[in-house]
Each structure stands twice: as structure tokens, then as C-alpha cells.
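# Inside the fold
Now for the letters of each chain:
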Amino acid sequence: MLTLIKNIKELVGVESTPQLRKQGKEMAQLETIKDAYLLIEDDKIKAFGTMEAESGEWKAESGADLVIDATGRMVFPSFCDSHTHIVYANSREHEFVDKIRGLSYEEIAKRGGGILNSAKATAAASEEELYDMAWQRLEEVMRLGTGAIEIKSGYGLSTESELKLLRVIRRLKETSPLTIKSNFLGAHGIPMEYRGHQEDYVDLVINEMIPRVADEGLADFVDVFCDQGFFTVEDTARILEAGIKHGMRPKIHANEMAVSGGVQVGVKYGAISVDHLEQMGDAEIECLKGTETMPTILPGCAFFLNLPLSPARKMIEAGLPVAMASDFNPGTSPSGNMQLILSMACIRYRLTPEEALNATTLNTAYAMGVSDEVGSIAVGKKANFYITKPVPSYEYMPYSYGENKVETVFLNGKKYV
């Protein structure tokens, strides 16, 4: 099937020579084409260029099966959200009220709330119920412009519940048009019965959970919450080593509560990303230089929990890449709106619109291992993009943070919204 989008006011995020990620000063580079066309063949991008080009392939309009006139509208590559926990059974608005009254995230967790609260509800829910709830969340983020997403387990904290969550993610992979990656996060929290001897729970993750996850081929990544009050650097190293032996690439939750050593252990074991990073020092920035690890900031979590802001500007000026994802989950960031994350990147972290767009598309695609397929407009990549409502400029995308600016969504070359 041939699809032509013509008269595009501005085609944003194009790459004539595709990159896997952008870092340092490169993040300010955003190539666009005004008065453009975009040609799609089946599920891939076939060609793009200006409407005035003499050799423009858009002139084959008579052969296109679908022609869309995008006059006054802009086209962007779909957002890529590399950090979510969207398979869960209950909301936690009562904890939201506890936070308003002054309780910290750690205090709520210590009394059995937080992750443990979600784990209890998840254990009681059926696989079908979890699938239906997660499907609704995927539909919501798709309408807001997300085309690729990583989904973590972690609300199981027992072998059977973790497997249940990962099987739901596998089913979502098979049925959703979004590009989905799965992440085994059995080390998300420490169950109450293991408090005081958490090394036994680490043994369970390593000796029972990881082999069974691998036997069923349920996870692309292995992850650990390496932070104050959760898993130590030593726990994390053991779990990552086990995951690597079973073919899972590491990722890390690090430095949300304190400078935990999580960044360093992530880099040591070749993590594709280290995420959160609200607490970052010069040593952590230096450690990331020259590595293949993507520092990934979660603005929604810092906003919702009133945490310190990760030093995004300092990291970029040090030559690092930066990605930004939603952290969509019921306890610390109950939103998967990547348009809002784009706005926060500019408003709170002082990224330019160009840097913010790269942070929420190409670099987040890299953080989930799919930047060779999605994250930019390039020939041969998946045709994952959205057409905006009439907007004045691409700077308007982060500027206008209170409206859904997406009018039409294409995933794998098909129109879904």
C-alpha cells in the first residue's frame, strides 16, 4: 500500500543519514523540511522532500492508495517512551493524599504502601483484567502521539505474579500496533516477608525468576531499583550478571532517592540506559562519558514527588546524550503524556525545543534499543508519526502544554486516529 502525505507545513525530525542517538551539541540539531511531502510504502518510510522538488516522488500521487492533504499541519516522528510500568491493577490516589499531608515516598513504602500496595492488587487480578487495563492505557498514549514504549514488570514481586505481568506484556506486543519492549523488574521492591534479609529475595530473583523468564522468552531487558532503601550495588551486580547470562540486556533505576552507585554499576555491566537520575554528581556524569549507556530523565516523577531536578543542562554541556521518558505508573507518575514530558523538558530542565524533541524521540528510542527502526523520519524506518492540528511552529509543541496537539496517528504505515 502506498500512502502520500502532501502539503505538510513542516516535516520535523528528518534524517538523511540516520543516527542511533544524539549527544552533547548534536542534541540542538533538528532537521526539518518546509512545504514537504512524506511517502509511505506498506509499513516503511519510502521517501520525503519538498513539494517543489522537480523529482519529487509525491508526483506519483495518482498511484497512491491514500492521499492526505496536511495543509497547515506539521508531521513529527512518534514519541518513544522508554520507561513505563503500565501493567498494574489499581490507582494509588490515597497515597497521593498522604504525600500532600507530608509523608515521603520512602515512608509510605516502609509501611507497606507504594510498590507493595500495587503488588498486592496485581496478585489478585487476573491476566485478562490486567491486559484490558493496560490496553486502555496504550490506547490513551497512542492518541497523544506515542508510537513505541517499554513496559516493565515489577508489580509482581513473586515468581508467578512477575510471570503473569510479563505474559500480559507479551500479549500486548502481539496485539498492539505500538512498538513494545518488555523489561523484567522483579527487583522493584522488597516484599515485607523479606525485610531484614533481602539477600534471600535477591536469590529468588536470580535462581528462580530469571531462569523462568528466560525459558519463556518474556523479557528483552533486566532491571533493578538500585537506590537508598531498595537494592544495593552488590544486589544489583548479582542480578544483572544473572540476567546477562540469560540473554537480557541491563537497565537501571538509579539515584532517585540518593547517589546510590547505580549509575556506576549500570555502566560497568553495559546497561543500555540508567533512569531517574534526580541525584547526580560530577562523578556520575564523568562515569557516563564515552559509554553506550543513555542517561534517561523522568520529569513526571520529579514533578509528582517534588524531587530535585536531574541536571540535564549540565549533562548535555558535558557532551552526554539525554533521553526523557514518562515513568507512567500508579504511584510516582500517573501519566503517560509525552507531550507534557516534552513541555517539562523545556520549562523545568531548560532544554531548547530542538533538544527536547530529540530527547523524547530518537534518544528514547535508543534507550529501548529501537532507534534503528523508529525515533526519526528516515527512509527505511517504520512509518510511525503523527500529524498535528494546525499549529504555527514546532516550538508550539512544548509551549502549549495544556492541549492535545495530535490530530492523526500513523503506526506501521497505518492510520489509527
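To keep things clear, this report deals only with the structure shown in the data block.

### Here we look at the overall build of the protein
Secondary structure summary: the protein contains 15 helices and 16 strands in total. The C-alpha radius of gyration of the protein comes to 21 Å, within 12% of the 22 Å expected for a compact globule of 417 residues. Seen through its principal axes, the protein has C-alpha atoms that stretch 70 × 45 × 45 Å. The buried share among the 417 residues of the protein stands at 61%. Nonlocal contacts in the protein, meaning residues at least 24 apart in sequence, comprise 72% of its contacts between residues at least 6 apart. Of the roughly 15,500 Å² of accessible surface on the protein, a fraction of 49% belongs to carbon and sulfur atoms. Charge centroids of the protein, computed over 43 positive and 59 negative side chains, lie 2 Å from each other.

### Considerations on the nonpolar core
Of all hydrophobic cores here, the largest spans 102 residues; its most connected members are Val87, Leu172, Phe184, Phe231, Ile239, Met324 and Leu351. Per element, the largest residue contribution to this core is 8 residues, and it comes from helix α6 (residues 198-215). Not counting residues within four places of it along the chain, the set of residues in contact with Leu172 comprises Val87, Tyr131, Ala134, Trp135, Leu138, Ile151 and Ile180. Counting residues in hydrophobic clusters, the runner-up holds 18 residues, among them Ile45, Ile68, Val75 and Ile377.

### Here we look at the pattern of salt bridges
Scanning the model with the defined rule gives 21 salt bridges in all. Residues Lys152 and Glu150 are paired through a salt bridge, measuring 2.6 Å at the closest nitrogen-oxygen approach. The partner of Lys251 in a salt bridge is Glu150, with the nearest N and O atoms 2.3 Å apart. With Lys251 in strand β10 (residues 249-254) and Glu150 in strand β7 (residues 146-152), the pair connects residues that are 101 residues apart, well separated along the chain. Given the relative accessible area of 0%, Lys251 is considered buried. Judged by relative accessible area, which is 0%, Glu150 ranks as buried.

### Looking at unusual backbone geometry
Within the chain, Asn7 stands out as a residue other than glycine whose phi angle is a positive 55 degrees. Positive phi outside glycine occurs at Asn255, with the angle close to 60 degrees. Note that Asn255 resides in the loop between β10 and α8 (262-268).

### As for the packing of helix α5 (residues 159-175) against α6
Helix-helix packing is characterised by the crossing angle of the two axes and by the distance between the axes. As a packed pair, α5 and α6 sit with axes 10 Å apart at the nearest point and diverge in direction by 35 degrees. Pair α5 / α6 crosses with right-handed handedness. In contact with Thr159, Glu160, Glu162, Leu163, Leu166 and Arg167 of α5, α6 contributes Leu204, Glu208, Met209, Arg212 and Val213. In terms of residue class, the contact of α5 with α6 is made up of 5 nonpolar, 1 polar and 5 charged.

### What to know about the packing of α6 against helix α7 (residues 233-245)
Following both chains from N to C, one finds α6 and α7 inclined at 5 degrees, their axes separated by 10 Å at the closest point. Between α6 and α7, the angle is such that the two are roughly parallel. On α7, the residues touching Gln198, Glu199, Val202, Asp203, Val205, Ile206 and Ile210 of α6 are Asp235, Arg238, Ile239, Ala242 and Gly243.

### A look at the sheet that holds strand β13 (residues 323-324)
Overall, parallel pairing links the 8 strands, which are arranged β6-β7-β8-β9-β10-β11-β12-β13 in an open sheet. Whereas interior strands pair on both sides, the edge strands pair on one side only; in this sheet they are β6 (79-84) and β13. Across 4 bridges, β6 lies against β7 in parallel orientation. Its bridge partner being in β7, Asp81 is matched across the sheet by Ile149.

### Things to note about the pairing of strand β15 (residues 406-411)
Counting buried residues in β15 gives 5 out of 6 residues, a clear majority hidden from the surface. Pairing between strand β14 (residues 385-388) and β15: 4 bridges, direction antiparallel. Paired with Tyr386 across the bridge in β15 is Val409. Both β15 and strand β16 (residues 414-415) contribute to a ladder of 2 bridges, which runs antiparallel. Pairing of Leu411 across the sheet is with Lys414, part of β16. The hairpin formed by β15 and β16 contains 2 residues between the paired strands, and Asn412 there has a positive phi angle of roughly 55 degrees.

### Some points on helix α13 (residues 353-360)
α13 sits mainly inside the fold: 8 of its 8 residues count as buried. Listed in full, the buried residues belonging to α13 are Pro353, Glu354, Glu355, Ala356, Leu357, Asn358, Ala359 and Thr360.

### Some thoughts on the side chain of Asp81
Following the sequence through the fold, Asp81 ends up in strand β6. For Asp81, which is buried and forms no salt bridge, the nearest opposite charge comes from Lys251, at a distance of 8.9 Å. Residues in contact with Asp81, not counting those within four places in the same chain, are Thr146, Ala148, Ile149, Glu150, Ala325, Ser326, Asp327, Gly336, Met338 and Met368.

### Some details on the packing of aromatic side chains
A full pass over the atoms with the stated rule returns 10 aromatic pairs. Look at Phe76 and Tyr386: their rings are 5.5 Å apart centre to centre, the planes differ by 10 degrees, and that puts the pair in the stacked class. Here the residue Phe76 occupies a position in strand β5 (residues 74-77), and Tyr386 occupies one in strand β14, the gap between them amounting to 310 residues. The two residues Phe76 and Tyr386 agree in class, both being buried. An angle of 20 degrees between the planes, with centres 5.3 Å apart, marks the rings of Phe96 and Phe304 as stacked. Taken as a pair, Phe96 in helix α1 (residues 93-100) and Phe304 in helix α10 (residues 299-305) lie far apart in primary sequence, 208 residues in all. For Phe96, a relative accessible area of 37% puts it in the partly exposed group. When its relative accessible area of 22% is taken as the criterion, Phe304 is described as partly exposed. By way of ring pairs, the aromatic residues Phe76, Phe79 and Tyr386 are connected into one cluster.

Reading the values: rules and limits
- Residues numbered from 1 in each chain as written.
- Predicted model: local features only at pLDDT ≥ 70, side-chain atom pairs only at ≥ 80, totals over all residues.
- Heavy atoms only, no water.
- Helix = DSSP H or I, 4+ residues; strand = E, 2+ residues; numbered from the N terminus.
- Rg over C-alpha atoms; globule rule 2.2 N^0.38 Å.
- Buried < 20%, exposed > 50% of the residue type's maximum accessible area, 1.4 Å probe, protein only.
- Contact = heavy atoms within 4.5 Å.
- Areas by Shrake-Rupley, 256 points an atom, 1.4 Å probe, with all protein chains shown as cover.
- Lys, Arg positive; Asp, Glu negative; His and termini not counted.
- Charge placed at Lys NZ, Arg CZ, Asp CG, Glu CD.
- Core = buried A, V, L, I, M, F, W, Y, C linked by side-chain atoms within 4.5 Å.
- Salt bridge = Lys/Arg side-chain N within 4 Å of Asp/Glu carboxyl O.
- Axes fitted to C-alpha atoms, helices over the stretch in contact; angles between N-to-C directions.
- Left-handed = near helix turned anticlockwise from the far one by under 90°.
- Nonpolar A, V, L, I, M, F, W, Y, C, P; charged D, E, K, R; others polar.
- Parallel < 35°, antiparallel > 145°, perpendicular 65-115°, else oblique.
- Pairing = 2+ DSSP bridges.
- Phe/Tyr/Trp six-rings, centres within 6.5 Å; stacked < 30°, edge-to-face > 60°.

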